[in-house]
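Breakdown of the fold
The lines below spell out each chain.
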Amino acid sequence: MSHNGHHLTDNELHADPGIEIHAHAGRKVRTERDTHTVFEKGAPGRRAFVCPEFDVPRRDDALPERFRRAQPPRLPELSEPEIVRHYVNLSKRNFDLDSGFYPLGSCTMKHNPRLHERVAALPGHARLHPLQDPSRAQGALELMWNLERALAEVAGLPHVSLQPSAGSHGELAGVLLTRAYHEDRGERRTKVLAPDTAHGTNPATVTMAGLEVVKVGTNDDGGVDLDDLRAKAGEDTACLMLTNPNTLGIFDSNIEEIARIVHDVGATLYYDGANLNAVMGVTRPGDMGFDIVHFNLHKTFTQPHGGGGPGSGPIAVSDRIAPYLMVPRVVRADDGSFDLSIDFPESIGRLRGFQGNYGTFVRSYAYIRSLGAEGLKDASQTAVLNANYLLARLRTLGVADKLPLAYGKLCMHEFVLSGAPMKRDLQIKTLDLAKRLLDFGFHPPTVYFPLLVDEALLVEPTETETRETLDGFADAVAEILREAQADPDIARNAPYSTPVRRLDEAAAAKRPRIRESLRDR
Amino acid sequence: MADASYPDDLLYHTEHDWARLDGDTATFGVTWYAQDSLGEIVFFDPPEVGSTVTKDEPYAEVESVKAVSDVYAPLSGEIVEVNTGLGDAPEAINDDPYGEGWLVKVRLSDPSETDELMDAAAYTSSLP
Amino acid sequence: MSRYTAVTETDLKEMLAEIGVASLDELFDAQVPAGVRLGRELDLPPGLPEQDVYAHLRELAARNVSVEDELSFLGAGMYDHYVPSLIDMLMERSEFLTPYTPYQPEISQGGLQVMFEYQTAICELTALPVSNASVYEGPSAVAAAGYLAKLANGRPRFVVSAGLHPHARETLRTMAHGYGAELVEVPLRDGVTDPDAWAGAIDERTGAVFFQNPNFYGAVEDAEALAGAAKESGAVVIGSYDAITLGVLKPPGECGVDVAVGEGQPLGNRLDFGGPSFGWFAATEAYQRRMPGRIAGETRDVDGRRGFVLTLQTREQHIRREKATSNICTAQALNALGGVAYLTWLGRAGIVELGELLLARTAYARDALCALDGVEALHTQPVIREFAVRLDAPVARVLARCREQGVNPGLPLDDDGLLVAITERRTRADIDRLAETVGAAVAAEREAVGARA
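What you see is a predicted model, and the numbers here were worked out from it, not measured in a lab.

Taken together, the contact pairs 190 residues of chain C with 197 residues of chain A. Taken over both partners, the interface formed by chain C and chain A buries close to 17800 Å², and the fraction arising from carbon and sulfur atoms is 60%. Across the chain C-chain A interface, the total number found is 24 salt bridges. Linking chain C with chain A are 110 residue pairs in polar contact (both at pLDDT 80 or more), by the criterion used here. Here the element with the most residues in the side of chain C that touches chain A is helix α12 (residues 333-370) of chain C; it accounts for 26 residues. For the side of chain C that touches chain A, a count of residues per class yields 92 nonpolar, 52 polar and 46 charged.

Structural data, given as structure tokens:
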């Protein structure tokens, strides 16, 4: 390694195997090579917790010996400053949405307003016990009621449950509700239709609900193949699960006909709300003919993703599905007071503890109140504008012949490119492009999904990005392709600038090491 | 294994499985095409010795980093031996799919089923 | 344009030109059929400036009685523990709050290492070798454990102790109806799972057995005996625990439990009127490849550096699809960060000290309440952090009187029962005040009944 003429000697490079030496503007920069877990830090006797005063008598007889733990768990022993330093430093090994562009298709990485953290932290919300008497939680119940009404308006379906913990949980609720609906009419329908572009949770959900998935084909325009649907929809069809726009970013213009076909055989139509960000205030799933809709509060409604969770997956349903909705439900009395009721005899029951992820309701409600009708529509319109602009920019920069749009000409809030020509002509794959984008300071788009598209790259900029950011991203993609033209190895061995480089995922799966090995004291 | 190969002495099944006959027993495995599609294989959980396999039905799963695939029985019979070495070295399925990467040995219940399998030429021409 | 979007008039003109359409409407007209267009504004109130949203949310908060507004002994699954400030700070950091699931591990080493550390901590607490990176919450974890058993052995029956939290039982019932398992409930006797009824209910059709320890009524169960009774049958033994008690309570891994789960809220997470929190999920080696949810694993990069990745991903919904171990897409990563940071803050000594304190204060509280006229223990089993009593007066009226004094004594149960939870925030003085308040309320109610008679 050298820069500006200074060559590091072998001695300097390899003096300590635990230390990495970089040459930076002619000077040595040392960093520790390997990360250490919190279990490898601290020392016996160090502590952060100070136990409150032991103000009651100790009781030897309180817990029989045979129920007692013999050896304490080997949790770490660190002082408070050590703990803070450890986790703060770990945080710096993460890329995040506040720091940079995150066009992960299907995830709707839109800005997370900090107002929402402030209101969620108000003690009246954050420190409210879930089993507090409803008469003393009227603010919370009113918030939930208002959120339900707002979501109902966005979806075009009147009955809402905020209970499900995530999108896939909302899907499970939807399938269980469909099953209950049919069983109540004395029918045992076992098949759920799903397009082959569907998100992976759809088939897994169906199996968990005791039903069977049947795949429906996609036509050349990227929509549902109507002939295939007509052939497969029948008396044993419980439901068709769809998202519109779909995972190709295409709005299926045949949606009304699809709804007719499905309803004609007596089945229900389920809307996966993952792509709701494209259509708020423009069209509503209820108006398209859907019976059940799930929302992803952590996508469309700014609940922060938190590195993977928490999320929330409320559902809205039509009149015919309403009797089966989960309990408890928020109800309003004539005097305007609110309560939680389980008095719904046909309900499928509950799908989780308490009443759902209230903390996410506070944030999403604050978002809806901040934006209002006009702002929500603006969000969707801008999301669609930004996606089409980015697509057009890529085209202008000459990227389209290596990364063509998989379907159609325009898109909704996201678009899918195929890296197959790039792979054939430049010998770099979608994966390599993604890894090289990391060196340019961008989080890559979603890769290898949907499965229908070869070497797929699913790009969703969202509405909260500026045009300059979109231009910068398009420029980066163009440059990486130019670079690959000259030397494909650069992308193939990327990234170079991240805390670690490409990791051996096969080794992790073959001989899983999923916890730190601890030494006994 | 770097290059595609489909040995002539084997019989092939449409679901990308092969059979090597030896009297009334046969050895099963997955083809080069199968291991190439799956990517690096990380896990194989063999079925129990003594259990039955039925032609065209799945009898086990092969797991790679990115996917899990059913393994289909080309012929019916009773499992007499399984390749326990794959527990430590599942990558043998990638490196040597017809040799060290064999999966199970089966005593055939109906040897006439071999009529329905393909030879190397027919299998290779059926590949996309 | 709102405060979160940035398309100016100039931007719009130039962007539309680049796209090649004349207007924003044209973008939608070309793709969304007229027949499904909304054609009106959404019927929602207009947007508000930040300060007005804040005022509104504050007004709603003011109409909730939180644990800061009264002396609360409410528990039953979520508890008012003290969460240190460093947890708040960490959970608000952009780098932990705003990223997505770590699909690009090279730039997600922070989050992945947190998961790995969290998994290690849960394994240590439970004395089980395998943990995932969390599931949604407690009752969902119980239901997920049931699904694991169903996929593992295919048997149609679940034997479930009546000591399981009602929400866990109900969630399990709803989900089991989906995947086809029948629940057989075993009653309690003297506050714990009836051992004879338990053994009697388990047979070769039993796919899994479920108990909670301490159970819903606060009683410590004989986990080893319960697990032992199921050994012969080959059913999966599933124990629902409260992790904060595992500094003093014998861990599930040492009692023959196959899968241990629990509600993670007591570990560094807020009450939040019931969520979000996390569910923890640990198991024996045999179930490693059947674990639902995300798992972080250790590996090396191309230069030999230590790093972490999501592993065993083929089990998850996005690859195996119909054969997936679950449909979980969301780990409660941020809440699990709170959990592991909290456990690190408690430390090896702290979790034991806290457990001993809870044990002693709970015993003291039960004695204090049962010394009152008109209050008797629902059971006399060992308790650690929660206990149940029965009142000789209508519990709703007793609660109403206590609330007037600023005390919330706990959760009302059937037959004038009361479930009382103790945390390290409830001092001896608080407990004395509880006893005094409840004593006075019960006495007043008994007198009122006597007067009416």
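This part is about the confidence of the model for chain A. Residues with a pLDDT of 70 or more make up 94% of chain A, whose mean pLDDT is 93. Of the regions scoring below 50 in pLDDT, residues 1-8 of chain A engages in 19 contacts with residues more than four places distant in sequence or in other chains.

Ile258, Phe301, Leu403 and Phe415 of chain A are the most contacted members of the largest nonpolar core, which totals 118 residues. At 19 residues, helix α11 (residues 358-396) of chain A tops the list of elements feeding residues into this core. For Phe415 of chain A, the contacting residues outside a window of four places in its chain are Leu248, Ala387, Leu390, Leu391, Leu394, Leu405, Leu457, Leu458 and Val459 of chain A. In this structure, Phe67 of chain A together with Ile122, Ala282 and Leu334 of chain C belong to the second largest nonpolar core, which totals 67 residues.

Turning to the sheet that holds strand β13 (residues 375-377) of chain C, a few remarks are in order. Residue and element names in this part refer to chain C. An order of β13-β14-β17-β16 is seen for the four strands of this open sheet, with the pairing classed as antiparallel. One side of each edge strand has no neighbouring strand; the edge strands of this open sheet are β13 and β16 (411-413). Strand-to-strand, the axes of this sheet are offset by a mean angle of 35 degrees, without reference to chain direction. When β16 meets strand β17 (residues 417-421), the two strands line up antiparallel, connected through three bridges. In the sheet register, Leu413 faces β17, and the bridge partner there is Gly417. Its contacts with the sheet put α12 on β13, β14 (386-391) and β17, and the angle it makes with β14 is roughly 5 degrees.

When helix α4 (residues 85-92) of chain C is considered as a whole, its buried residues turn out to be Leu86, Ile87, Leu90 and Met91 of chain C. Along the axis of α4 of chain C, the buried positions cluster into a sector of 130 degrees, meaning they face one direction only. Those residues of α4 of chain C hidden inside the fold are in contact with α2 (80-91) of chain A together with α5 (94-97) and α12 of chain C.

Another point: the pairing of strand β3 (residues 25-30) of chain B. Residues and elements named next belong to chain B. With five of six residues buried, β3 lies mostly within the body of the structure. With six bridges connecting them, strand β2 (residues 17-22) and β3 associate as antiparallel partners. For Leu21, the partnering residue across the bridge sits in β3 and is Ala26. What sits between the antiparallel neighbours β2 and β3 is a turn of two residues, in which Gly23 has the positive phi angle 70 degrees. Summarising the sheet, β3 and strand β9 (residues 104-108) pair through four bridges and their orientation is antiparallel.

Moving on to the interface of chain B and chain A. Between chain B and chain A, the residue contacts involve seven residues of the former and five residues of the latter. Together, the buried faces of chain B and chain A total about 480 Å²; carbon and sulfur atoms form 55% of this surface. Among the residues of chain B in contact with chain A, Glu40, Val42 and Val65 of chain B are the three that bury the most area, contributing 69% of the side total. For the pair chain B and chain A, the interface holds two salt bridges. A salt bridge links Glu40 of chain B to Lys510 of chain A; the nearest nitrogen and oxygen atoms lie 3.2 Å apart. Joining chain B to chain A, the criterion identifies three residue pairs in polar contact (both at pLDDT 80 or more).

Moving on, we get to the sheet that holds strand β4 (residues 41-44) of chain B. Residue and element names in this part refer to chain B. The three strands lie next to each other as β4-β6-β7, forming an open sheet whose pairing is antiparallel. The sheet terminates laterally at β4 and β7 (68-72), the two strands that pair on one side only. Here the strands of the sheet are splayed against their neighbours by 30 degrees on average, with no regard to which way each runs. Relative to β7, strand β6 (residues 58-64) is paired through five bridges, and the arrangement is antiparallel. The partner of Glu63 across the bridge, within β7, is Val68.

Looking now at unusual backbone geometry. Between Gly309 of chain A and the following residue, Pro310 of chain A, the backbone shows a cis peptide bond with an omega angle of 15 degrees. Position of Pro310 of chain A among the secondary structure elements: in the loop between β10 (292-294) and β11 (315-317). Along the chain, Asn213 of chain C connects to Pro214 of chain C via a cis peptide bond; the corresponding omega equals -5 degrees. Of note, Tyr448 of chain A is a non-glycine position whose phi angle comes to about 60 degrees, a positive value. Inspection of the secondary structure assignment puts Tyr448 of chain A in the loop between β15 (446-447) and β16 (456-459). One non-glycine residue with positive phi stands out, namely Ala127 of chain C, at about 60 degrees. Note that Ala127 of chain C resides in the loop between α6 (109-126) and β2 (130-131). Of the residues examined, Ala127 of chain C reaches a relative accessible area of 30% and is grouped as partly exposed.

So, how was this worked out
- Residues numbered from 1 in each chain as written.
- Chains lettered and ligands numbered in written order.
- Predicted model: local features only at pLDDT ≥ 70, side-chain atom pairs only at ≥ 80, totals over all residues.
- Heavy atoms only, no water.
- Contact = heavy atoms within 4.5 Å.
- Buried area = accessible area lost by both parts, 1.4 Å probe.
- Salt bridge = Lys/Arg side-chain N within 4 Å of Asp/Glu carboxyl O.
- Polar contact = N/O pair within 3.5 Å; in protein donor to acceptor, adjacent residues only side chain to side chain.
- Helix = DSSP H or I, 4+ residues; strand = E, 2+ residues; numbered from the N terminus.
- Nonpolar A, V, L, I, M, F, W, Y, C, P; charged D, E, K, R; others polar.
- pLDDT = per-residue confidence, 0-100.
- Core = buried A, V, L, I, M, F, W, Y, C linked by side-chain atoms within 4.5 Å.
- Buried < 20%, exposed > 50% of the residue type's maximum accessible area, 1.4 Å probe, protein only.
- Pairing = 2+ DSSP bridges.
- Axes fitted to C-alpha atoms, helices over the stretch in contact; angles between N-to-C directions.
- Arc of directions from axis to C-beta.

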